[in-house]
Amino acid sequence: MTSRKGSDMTPAEPAPAEVDVAIIGAGMAGTTLATVLGNAGRKVTLIDPHRVHHDEFRAEKIGANQMQLFEKLGLDKMVMPLVTPFTDVDVFRLGQFFAREKKWEYAFSYGALINGLRDALPSQVPLTVGKVTEVSTGPDRQRLVLADGTVINARLLVVATGYSELVRRAIGVERIELSKAHSLSMGFDLAVAPRDCTYRAVTCYGKRASDRVAYLTVFPIGDRMRANMFVYRTVAEQWTRDFRADPQKMLCELMPEISAQCGNFEVASPVEVRQVNLTTTQGHRRDGVVFIGDAFVTTCPTPGVGIGRVMIDVDQLHSVHIPRWLETPGMAADKIGAFYDDPVKVASDEEGMRVSVYAKQITTETGLEWRVRRLRNNTARQLMIIGRKMRHLRPRREPGMA
Ligand SMILES: Cc1cc2nc3c(=O)[nH]c(=O)nc-3n(C[C@H](O)[C@H](O)[C@H](O)COP(=O)(O)OP(=O)(O)OC[C@H]3O[C@@H](n4cnc5c(N)ncnc54)[C@H](O)[C@@H]3O)c2cc1C
C-alpha cells in the first residue's frame, strides 16, 4: 500500500518495484534520508507500517548544533515551521539560579515533526505503507516482499526501524545491551501556559546523588509548557510509581527553587515514562544492507545527542557513501563497511555513548573518585554563583570616576 497524505486507511498506490535504495522505517532517520536522496534524483522507496506516526514520547527538543545538521542537509526550511524556537534558558544548579543561557533550542512533538517531514517528502518518493514480511539480501540485489504481496528490488537496503527488532532479526543481526535500564525519561505537560510565564524555559539539575535526578527541563511547545525529566531509576521501583501518582508533590520536594516558575508544578497530562537501554549492534557487516539511527545504536536522552547521531548517519550516507556505492557495480559487505568505519560516524556514536555513561556516573556514582569530581565541579559552580551575586552588589562606577 502506498500513500502520502491522509490516514492509515488511505488507498494504495503501487510501490516502485525497482529502486536504487529501499529504506525500511519512516522515523527521523528514514524520512530525512529518503528526502535528501530523492532530492538528489535517486530512485528511492520508503516503507513503514503506519501512514501516520503515532504520538509517542521521544526527543522533544534539539539544540543549535543539531539544527545546523538539518541546515547542512537543506532540511531546515521543512523543520522550522514544525518546531517552537526559544532562547534564554534559566538554569538552576545547587538549589540556586546559576545562569541564563542564550543558546537557541527548538522544541516539538516527535510524532508531529515526523508527520510534517513525511508530508514534505519529494513527490517521486512516496511513503509505502506496508509490512515487510520477507527480506533477502545479497552482494548485488536486495528483495523485499510486503504483506500485500508487493515485491520491491533494490540495489541497497537501509534499515531505519529504530528500537523495533522484527526486521533486524529477520536479517539476522543482534542487539547488544551495553547498559540495560540505564535511565528513565519522563514527559508531561504543566498546567501553566507559556503566555503566563515570566521566563521562556527553565532547566534545573538534581542536587544530591541519592536523588538520582539528572535534570528537569521545562520549555514551550506551541501553546503548552512541556517538562522532560531524566532520572537514573527503573520503571518498577516505588519512587517511579510515587512520581506517576503525584508528580506535583514530588517535584515540589525535589526542586522547590523553581516551583514559582513552573506554576507550582501543577501537571496537566499523564506522566509518560520511557526506559532507555544503551545498545549497539553485532553481525551488521553484511552484503546489501546498512543499519542507521536507533536501528544501529541507542544512546541516553539525558545528554540530548540522539537526533544529532541520527542526522550524522544520514549526512554521511547521503553525502559520502551512497553516491560512491551506486557508482560501481555490486553492494558487497566490504563496500558497506566503509560507513561503519567512517571516522565521522564512529566519533559521533562513540561520543554519544561516552556522554551517556558519563552523565549517569557524575550524577549517581558514590565512589571516592566521583565524589571528588562532583565536589570540584560544585565548588567551581558555587564560586561562579557567589561571583555573580557580588557583581550585582558592587556599586556601579559613575562615568569619569578613577
Ligand atoms: C523518551 C526519549 C526521549 C528522547 N529525547 C531526546 C532528546 O531530547 N534529544 C535527542 O537528540 N534525542 C532524544 N531521544 C533519541 C531520539 O528520539 C532517537 O535517537 C531518534 O528519534 C531515533 O530516530 P530513528 O529514525 O532511528 O528511529 P524512529 O524515529 O524510532 O523510527 C523508526 C521507524 O521505523 C518504523 N518501523 C518499525 N518497525 C518497522 C518495520 N518492521 N517495518 C517498517 N517500519 C518499521 C517505525 O514505525 C518508525 O517510523 C530520545 C529518545 C527517547 C526514547
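The shown structure was predicted, so the numbers you read here are calculated from the model rather than taken from an experiment.

A few words on helix H7 (residues 247-254). Turning to H7, its buried residues are Pro247, Met250, Leu251 and Leu254. Along H7, the residues classed as buried sweep out an arc of 95° about the axis, all on the same side. Considering only its buried residues, H7 is in contact with strand E12 (174-190), strand E14 (213-221), strand E15 (224-231) and helix H6 (238-245).

Where helix H2 (residues 64-72) contacts helix H8 (residues 306-327), the two axes come as close as 9 Å, and the packing angle between them is 25°. Here H8 runs roughly parallel to H2, going by the angle between their axes. For the element pair H2 and H8, the recorded crossing hand is left-handed. Counted together, Gln66, Leu69, Phe70 and Lys72 of H2 and Ile307, Gly308, Met311, Ile312 and Asp315 of H8 form the full contact between these two elements. By residue class, the composition of the contact of H2 with H8 is five nonpolar, two polar and two charged.

On to the sheet that holds strand E16 (residues 272-282). Ordered by their spatial adjacency, seven strands build an open sheet running E6-E5-E13-E14-E15-E12-E16, and the pairing between neighbours is mixed. Looking at the sheet topology across the chains shown, the edges are occupied by strand E6 (96-101) and E16. Pairs of neighbouring strands in the sheet enclose a mean axial angle of 20°, with direction left out of account. Where E12 and E16 come together, ten bridges link them in antiparallel fashion. Of the residues in E16, the one forming a bridge with arginine 175 is threonine 281. The strands touched by helix H10 (residues 343-364) are E12, E14 and E16; relative to E12, the strand with the most contacts, the crossing angle is about 65°.

Moving on, we get to the site of the ligand. Looking at the ligand, there are 34 residues lining it, with Ala29, Asp48, Arg58, Tyr110 and Ile307 nearest. One of the backbone N or O atoms of alanine 59 is found 3.2 Å from an oxygen atom in the ligand. For the ligand, the protein covers 93% of the area, taking 1000 Å² as the surface of the free molecule. Mapped onto the shell around the ligand, the elements with two or more residues apiece are helix H1 (28-39), strand E2 (44-48), helix H4 (110-119) and H8. Counting residues per element, the shell around the ligand draws most heavily on H8, at four residues. Residues that form the shell around the ligand fall into these classes: 16 nonpolar, eleven polar and seven charged.

Bringing the sheet that holds strand E3 (residues 61-63) into the picture now. As summarised here, the arrangement of the three strands in space is E3-E7-E4, forming an open sheet in which the pairing is antiparallel. Strands at the two margins of the open sheet, each flanked by one partner only, are E3 and strand E4 (84-86). Neighbour-to-neighbour, the strand axes of the sheet open up by a mean angle of 25°, direction not taken into account. Inspection of the sheet shows E4 paired to strand E7 (residues 105-107) by three bridges, in the antiparallel sense. Within E7, the position partnered with threonine 84 by the bridge is alanine 107. Sitting on the sheet, H2 touches E3 and E7, and the angle it makes with E3 is about 85°.

Conventions we followed
Residues numbered from 1 in each chain as written. Predicted model: local features only at pLDDT ≥ 70, side-chain atom pairs only at ≥ 80, totals over all residues. Heavy atoms only, no water. Buried < 20%, exposed > 50% of the residue type's maximum accessible area, 1.4 Å probe, protein only. Helix = DSSP H or I, 4+ residues; strand = E, 2+ residues; numbered from the N terminus. Arc of directions from axis to C-beta. Contact = heavy atoms within 4.5 Å. Axes fitted to C-alpha atoms, helices over the stretch in contact; angles between N-to-C directions. Parallel < 35°, antiparallel > 145°, perpendicular 65-115°, else oblique. Left-handed = near helix turned anticlockwise from the far one by under 90°. Nonpolar A, V, L, I, M, F, W, Y, C, P; charged D, E, K, R; others polar. Pairing = 2+ DSSP bridges. Near = heavy atom within 4 Å. Polar contact = N/O pair within 3.5 Å; in protein donor to acceptor, adjacent residues only side chain to side chain. Areas by Shrake-Rupley, 256 points an atom, 1.4 Å probe, with all protein chains shown as cover.

Just distances and angles here, no functional claims.
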